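# Examination of the molecular architecture
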Amino acid sequence: MTYFNKTIRDVILERSLAPSTGFQEAIFNGGEINTWGIESALTVVPFFNANLQWTSRTTFTLDRSEVVELPVPRFTIQGFGYFYGTTVAEAGRSLTLLWGNGPNPETGEVGVGPLAEGNSDFRMGFSNDIRVGRFNVYSTLDWQSGGRANNLTQFLFDLTRNTQDCNTLVGGESVCVKRNREFPNNTGTYFQDISFVKLRELTVSYDLPEEMVNGVWSGARHLRLNMSGRDLLTFTDYAGLDPEVSNFGSEAVGRGVDVAPFPPSRSFWFSIDVGF
Amino acid sequence: MKTTIDTRAIFAEGQRRARQSPDRSGRRQAIARALSAAAKAPARTPALLLTLLPLLPILGACELTVPDYNNPSVEDLQTNPNSAAIAAATQGLLFDTRLTAADMVQWVGAFGREVYPMAPTGSSLPGSVRDPWDQTLFVGTQVWAEAYRNIRNANLLLEALPAAELPEPDKAAVRGFAKTVQGYDLLHIAVTRRHLGAPVAVGSDPNDPPAPIVSETELYGHVIALLDEARTDLMAADAFPFGVTTGLADFASPGEFLRLNRAIKARAEVHRSNWSGALQAVAESFMDTGMALDYGAQHSWSVNSGDLVNPANRPDLLWANTRFRREAQARSDGSPDLRFQTKFKEVPAYQLLEVSSDLQYTLYESPNAPFVWVKNEELILIRAEANLAMGNRAAAIEDINFIRVNSGGLEPLPDPWTGTDDELLDELLYNKRFSLVFEWGHTWIDMNHYGKLLEIPVLGPPSADQRLHDAMPYPLSECLPREPDVPPGCMTQQGYIP
């Protein structure tokens, strides 16, 4: 189990400037960012004998970030402005918050503020490696709990009335027309929970008997056939193509924006390992 | 020197980011360190080194740091303002000012419902402009950021100029050119931000607080002052020490360019209702009823490497308001106004939400097609507009008729004119609309100017989804550094429901 608490001082920041200065952005050193988290793993071997070997490994991770100090006015980092949702660097706040237009919880008046946390509460992974005789089965299950993504893909589908539920009426109004109508006053309309459970990997392999291997090719010591698949099953309430969405590629801040990106694809692999 | 060249991002692109200047002395030290480390390394082949010894004096004389020719730095211009650097920086202004014009054609055009950007995805008109409009949308950012960037680039050029190795008349020519472009850039800000105002003090340290917002009146004051200062400079110049684009072929000398400067001033004067100033500026401009109506200055685009293509060449995105078919007046043979016939084409109807159009523009059907900057036809209409406002009806009618007959192929107005002044104004605006459509967002600017915004017919049912806005808010990046005292331009603009 690991606990980490990392504080970065004089971060290299790229901030946008008021364009009326004639400049658009400045790269500078400054500010302080704190990130802490927990990474833990538990490995259990419930069975281990000549016929059955089972190893089970469970991981648990979480992390939180905060801007401790910022020497300049707050600025947007990644996204499309408050109207469509964005991330903002502001002292005292998490870096992964999603900002936008929304009703003030106290007054109900529409204003700008952080609406939801994009980062997940925690993630867990369960992997099992079971060996029975010549067969070996390996699986990994990933579970992410909490976090939000801004499903602007659905906004676009709604805009052209192509979302599946557009024919559903609430009070005589199509639900996608309603979402479109509410969106300008509440960017959170399309924030959706990105909790998921995924069967990340499943691999089945078989070791051919040695005499058979030698019969085929005397030079080979062993021969193994592998069949595996990645991202086979996803269980999620997220309405977009994939809850692990990141429009801007692999980044720590500015994930969770979904504007019709290419989703991760399910893949299958077959391989033959030969040992000499 | 009267040469014609391609516009390139010679200088302007280098300003895109306010980066720390590359530390040249640091780089030299690094090279020195690397060389001394190499000298300390055990020499396996001393004989070879000895043969290289005679080369050492040559190496010593070599300047090992090479400037970045693709992105010339501000420092290069400031420390070594030779004639090539000055010429490149001046041409860079021409390159950039087009980007502001691009937003005028598409987005200001959309604000005045001349053009409907309709894409099933992305920020298209039925998707975003129709709503209460806040400063965080994509639209209208270029007609802010690019304009200010260009103004700052011009300031840098003006600061470097005194030390430049150029004769005084050439310096005056560069000053006159740069200030004219600055005035033109700032005019974009004035006509789009209107009563919200905007900053004018550009070119300070990027880490300073943003410049204060000044009123619309002051904004126009700055525009006019810049254009007038440019006039003084242009009059003291003989020739441009730099080449200009094909779009400025008729304005390639300070004397000719001054007439373009006056044309820009005439446009600014009508928008701030200084009618006598407009008449005087038109008189000093290139307006000439003996010349072709499209005679004037243009922003050039091209498919050449390093250049930009015409951004309004988008038949997949831009559709025309069908009002023009409805409103086009009939000619004596019953066919519609020639301007409608030549600038529009019928296409299969395209519908997005409640908006549908079967009309597109024929103006920019090639990526090389230029934008009109200012043309003769506009100046004649400006003269009519100023005369009308000053009560010189006969003079106004004469110019309106000139455009009706020569541009629209229409009959002259009935003589004597029995209508009211307001009807005559509508007739003038009809002609401005058809003559200048899809060129600079003129419809929106004119209708705002006369408080007739809500007379703009929108496509589809008039509703809260079809709001018309009387000013463009600032981009979000302008607003965050101004917190907590955000100016009105940073607040959501509700717009008016037609």
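Structure first, text after, so check above.
First, a word on scope: everything that follows refers to the structure included in this document. All of these numbers come straight from a predicted model, not from anything done at the bench.

Criteria and cut-off values
- Residues numbered from 1 in each chain as written.
- Chains lettered and ligands numbered in written order.
- Predicted model: local features only at pLDDT ≥ 70, side-chain atom pairs only at ≥ 80, totals over all residues.
- Heavy atoms only, no water.
- Salt bridge = Lys/Arg side-chain N within 4 Å of Asp/Glu carboxyl O.
- Buried < 20%, exposed > 50% of the residue type's maximum accessible area, 1.4 Å probe, protein only.
- Helix = DSSP H or I, 4+ residues; strand = E, 2+ residues; numbered from the N terminus.
- Disulfide = S-S within 2.5 Å.
- Pairing = 2+ DSSP bridges.
- Patch = residues over 30% accessible without salt bridge, like charges linked within 9 Å, V, L, I, M, F, W, Y side chains within 5 Å.
- Areas by Shrake-Rupley, 256 points an atom, 1.4 Å probe, with all protein chains shown as cover.
- Axes fitted to C-alpha atoms, helices over the stretch in contact; angles between N-to-C directions.
- Parallel < 35°, antiparallel > 145°, perpendicular 65-115°, else oblique.
- Left-handed = near helix turned anticlockwise from the far one by under 90°.
- Contact = heavy atoms within 4.5 Å.
- Nonpolar A, V, L, I, M, F, W, Y, C, P; charged D, E, K, R; others polar.

## Examining the pattern of salt bridges
Under the counting rule described, the total for this entry stands at 50 salt bridges over all chains. For glutamate 269 of chain B, the salt bridge is made with arginine 272 of chain B, and the minimal N-O distance between the two is 2.8 Å. Overall, glutamate 269 of chain B belongs to the buried group, its relative accessible area being 2%. Note on arginine 272 of chain B: relative accessible area 32%, which makes it partly exposed. Glutamate 385 of chain B serves as the salt-bridge partner of lysine 432 of chain B, at 2.7 Å between the closest nitrogen and oxygen. With lysine 432 of chain B in helix H15 (residues 421-436) and glutamate 385 of chain B in helix H13 (residues 376-389), the pair connects residues that are 47 residues apart, well separated along the chain. A residue is classified by how much of its surface remains accessible, and lysine 432 of chain B, at 2% relative accessible area, is buried. Residue classification places glutamate 385 of chain B among the buried positions, given a relative accessible area of 1%. Among the ionic contacts, a cluster of salt bridges with common partners joins Arg123, Asp142, Lys198, Arg200, Asp231, Asp242 and Glu244 of chain A.

## Looking at the state of the cysteines
A full pass over the atoms with the stated rule returns two disulfides over all chains. Through a disulfide, cysteine 166 of chain A is tied to cysteine 176 of chain A; the S-S separation comes to 1.9 Å. Since a negative S-S torsion denotes a left-handed disulfide, the cysteine 166 of chain A-cysteine 176 of chain A link at about 120° is right-handed. Taken together, the positions of cysteine 166 of chain A in the loop between helix H2 (152-159) and strand S11 (169-170) and cysteine 176 of chain A in helix H3 (residues 175-182) put the pair 10 residues apart, joining distant regions of the chain. According to the relative accessible area criterion, cysteine 166 of chain A is buried, its value standing at 10%. With relative accessibility at 0%, the residue cysteine 176 of chain A sits in the buried group. There is a disulfide in this structure between cysteine 479 of chain B and cysteine 490 of chain B, and the S-S distance comes to 2.1 Å. Between cysteine 479 of chain B and cysteine 490 of chain B, the S-S dihedral sits near -95°, and the bridge is therefore left-handed. Highlighted residues: cysteine 479 of chain B in helix H17 (residues 476-479) and cysteine 490 of chain B in the segment after H17, separated in sequence by 11 residues. Just as cysteine 479 of chain B is buried, cysteine 490 of chain B falls in that class too.

## Things to note about the pairing of strand S6 (residues 97-103) of chain A
Residue and element names in this part refer to chain A. Taken across its seven residues, S6 has six buried, putting it largely inside the fold. Inspection of the sheet shows S6 paired to strand S7 (residues 110-117) by seven bridges, in the antiparallel sense. In the strand pairing of S7, asparagine 101 is matched with valine 112. Here S6 hands over to S7 after six residues, with glycine 108 in that stretch at a positive phi of 80°.

## Things to note about a nonpolar patch on the surface
Residues and elements named next belong to chain A. Taken together, the side chains of Phe135, Val137, Leu202, Val204, Met212, Val216, Trp217, Met227, Phe270, Ile272, Val274 and Phe276 present a nonpolar region at the surface, about 1200 Å² in accessible area. Within the element layout of this structure, methionine 212 appears in helix H4 (residues 210-216). Taking the relative accessible area as the measure of exposure, methionine 212 reaches 45% and is therefore partly exposed.

## Thoughts on the packing of helix H8 (residues 216-235) of chain B against helix H9 (residues 254-271) of chain B
All names here are of chain B. At a minimum axis separation of 10 Å, H8 and H9 run at an interaxial angle of 165°. Between H8 and H9, the crossing angle belongs to the class labelled roughly antiparallel. Our pair here, H8 against H9, has a crossing hand that is left-handed. Along its contact with H8, which presents Tyr220, Val223, Ile224, Leu227, Asp228, Ala230, Arg231, Leu234 and Met235, the element H9 presents Pro254, Phe257, Leu258, Asn261, Arg262, Ile264, Lys265, Ala268, Glu269 and His271. Taken together, the residues of the contact of H8 with H9 sort by class into 12 nonpolar, two polar and five charged.

## A closer look at the sheet that holds strand S14 (residues 196-207) of chain A
Residues and elements named next belong to chain A. Read from one edge of the open sheet, eight strands run S1-S2-S3-S8-S9-S14-S15-S17, paired in antiparallel fashion. In this open sheet, the two edge strands, each paired with only one partner strand, are strand S1 (2-16) and strand S17 (267-275). With strand direction ignored, the average angle separating the axes of adjacent strands in the sheet is 15°.

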